[in-house]
Amino acid sequence: MTTDADVIVIGAGPAGCWAARRLAMLGARVALVDGSHPREKPCGGGVTGRALALVAGAVELSALPRCHITSARFVDTERRASASVALEHGHLDVASRTDFDSALLSAATAAGVVAVRARAVDVAQENAAFVVRTTAGSLRAPRLLGADGANSLVRRRLAHPFPRADLSIATGYFVHGATSNEIVLELLADPPGYIWSFPRPTHLAVGICTQADEGVTAGALREKTRAWIRAMHLGESLSAYAWPIPSLSARTFGAVTTAGPGWCLAGDAAGLVDPITREGIYFALLSGQWAAEALASSDDGAHRRYHERVADDIVSELALAARYKAGFFKPRFTGLLVDALAESAGVRGVMAGLIAGTQPYKGLKWALAGTAEVGLAWRLLRAKWYNRRSL
């Protein structure tokens, strides 16, 4: 099958669906290629209020099954201590990715996008066009968007893949028959990362995330997660999952490729994931929207403007998070953080902003320093600075 389109979008996750819909709304003929979406994805499934605000005009949010999160509990298992942060209504919801991605796909097809239910197996440039070979045939278009995840085929063919050091492993279990209105997070030093429990309407998504080059197998990480599930008494009906997530270093962010003549990358394929929280849905939606606007333009410099926009408004923030990351997972900082959250309403407010995406990393140290508990905040800042100096 050969299908002509103005733009081919590979990947029907949030970045791809949202970009495809925007392109169609701008008058483009769009082919959206994906052989697996919508499907459950092995991640927490947290959708921040700012992400929901982006799609509110296209998705009937009242019909989307989701849990409204009221608090985040940070756990220091070694000291048997914990502290909770209250979250405002609407700042963080958790949905099944099957439900969320399905709603976005429906919005795209309702706008006129043609969904091609096939897997892309190759991408090539031929005579000023992109040819995408799929398991159902070939498609040709003058413009291309790669929204196909951490192991993006488009990135591999038109730029370069992410090295293993810039990927993290997310693995764990869906715990069926249990839910809540609280997320639980435990920061880990060995391996550096964190364990999470995110409640969805019918189950908990419990997992662990750490850098792929830490030398720990997915099996060992799952066993650590299973032991944590038992210790927290979360449930017994489990199904396992594993998935790679981009987690770029500050150095990689400084040179990351997001576009070229006639093509763009968005979401995970562009590496646009918070290296600390691994939250990427908001950045996927935002970059997808911007990529669509660039690819709808007939201006030869549109791809450069897209790259500059992403670099200025997204990558600069994520690169700062990458510089902070090492300190977040050191025992000295973790213990102080749990103590600070327990003692300080000001610090709890700053952390709530980080979880919701409303507190940028750029102003983090000043936000902490601006709390009433200046001495406590200063100890946190010193611990984080010490950890960065000791790497």
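Residues numbered from 1 in each chain as written. Predicted model: local features only at pLDDT ≥ 70, side-chain atom pairs only at ≥ 80, totals over all residues. Heavy atoms only, no water.

1. Some details on unusual backbone geometry
Right, on to step 1. D190 connects to P191 through a cis peptide bond whose omega is -5°.
Right, on to step 2. Examined against the element boundaries, P191 turns out to sit in the loop between β15 (182-189) and β16 (192-199).
Right, on to step 3. For A128, which is not glycine, the phi torsion reads 65° and is therefore positive.
Right, on to step 4. Assignment of secondary structure puts A128 in the loop between β10 (120-126) and β11 (129-134).
Right, on to step 5. For A128, a relative accessible area of 77% gives the class exposed.
Right, on to step 6. Positioned with a positive phi, H233 is a non-glycine residue whose angle comes to about 55°.
Right, on to step 7. Note that H233 resides in the loop between α5 (218-232) and β18 (238-246). (Helix = DSSP H or I, 4+ residues; strand = E, 2+ residues; numbered from the N terminus. Buried < 20%, exposed > 50% of the residue type's maximum accessible area, 1.4 Å probe, protein only.)

2. Concerning the sheet that holds β16
Right, on to step 1. Here seven strands make up an open sheet; going across it, the order is β7-β6-β15-β16-β17-β14-β18 and the pairing mixed. Because the sheet does not close on itself, it has two edges, and the strands there are β7 (81-86) and β18. Between one strand axis and the next, the sheet turns through 20° on average, direction left out of account.
Right, on to step 2. The sheet contact formed by β15 and β16 spans six bridges and is antiparallel. Bridging across to β16, L188 finds its partner in G193.
Right, on to step 3. Lying on the sheet, α5 is in contact with β6 (71-76), β14 (167-176), β15, β16, β17 (203-211) and β18; it crosses β14 at an angle near 40°. (Pairing = 2+ DSSP bridges. Axes fitted to C-alpha atoms, helices over the stretch in contact; angles between N-to-C directions. Contact = heavy atoms within 4.5 Å.)

3. Details of the packing of helix α7 (residues 281-295) against helix α8 (residues 302-328)
The axes of two packed helices give the description: the angle between them and the distance between them.
Right, on to step 1. Contact geometry of α7 with α8 gives a least axis separation of 9 Å together with a crossing angle of 165°. Here α7 is positioned roughly antiparallel relative to α8, judged by the angle of their axes. For the element pair α7 and α8, the recorded crossing hand is right-handed. In this structure, α7 uses F283, L286, S287, W290, A291, E293 and A294 to contact α8, whose residues at the interface are A302, Y306, R309, V310, D313, I314 and L318.
Right, on to step 2. By residue class, the composition of the contact of α7 with α8 is ten nonpolar, one polar and three charged. (Parallel < 35°, antiparallel > 145°, perpendicular 65-115°, else oblique. Left-handed = near helix turned anticlockwise from the far one by under 90°. Nonpolar A, V, L, I, M, F, W, Y, C, P; charged D, E, K, R; others polar.)

4. Overview of the pattern of salt bridges
If charged atoms from side chains of opposite charge come close, those side chains can pair.
Right, on to step 1. Counted by the stated rule, this structure contains ten salt bridges.
Right, on to step 2. In this structure, R66 engages D93 in a salt bridge whose closest nitrogen and oxygen atoms are separated by 2.6 Å. Highlighted residues: R66 in strand β5 (residues 66-68) and D93 in strand β8 (residues 92-95), separated in sequence by 27 residues.
Right, on to step 3. Residue R66 is classed as partly exposed on the basis of its relative accessible area, which comes to 22%.
Right, on to step 4. For D122, the salt bridge identified is with R157, shortest N-O distance 2.7 Å. Linking D122 in strand β10 with R157 in helix α4 (residues 153-158), this pair joins segments that are 35 residues apart in sequence.
Right, on to step 5. What makes R157 partly exposed here is its relative accessible area of 40%.
Right, on to step 6. Where salt bridges share partners, they join R22, E293 and R309 into one cluster. (Salt bridge = Lys/Arg side-chain N within 4 Å of Asp/Glu carboxyl O.)

Read these as geometric descriptors, not functional statements.
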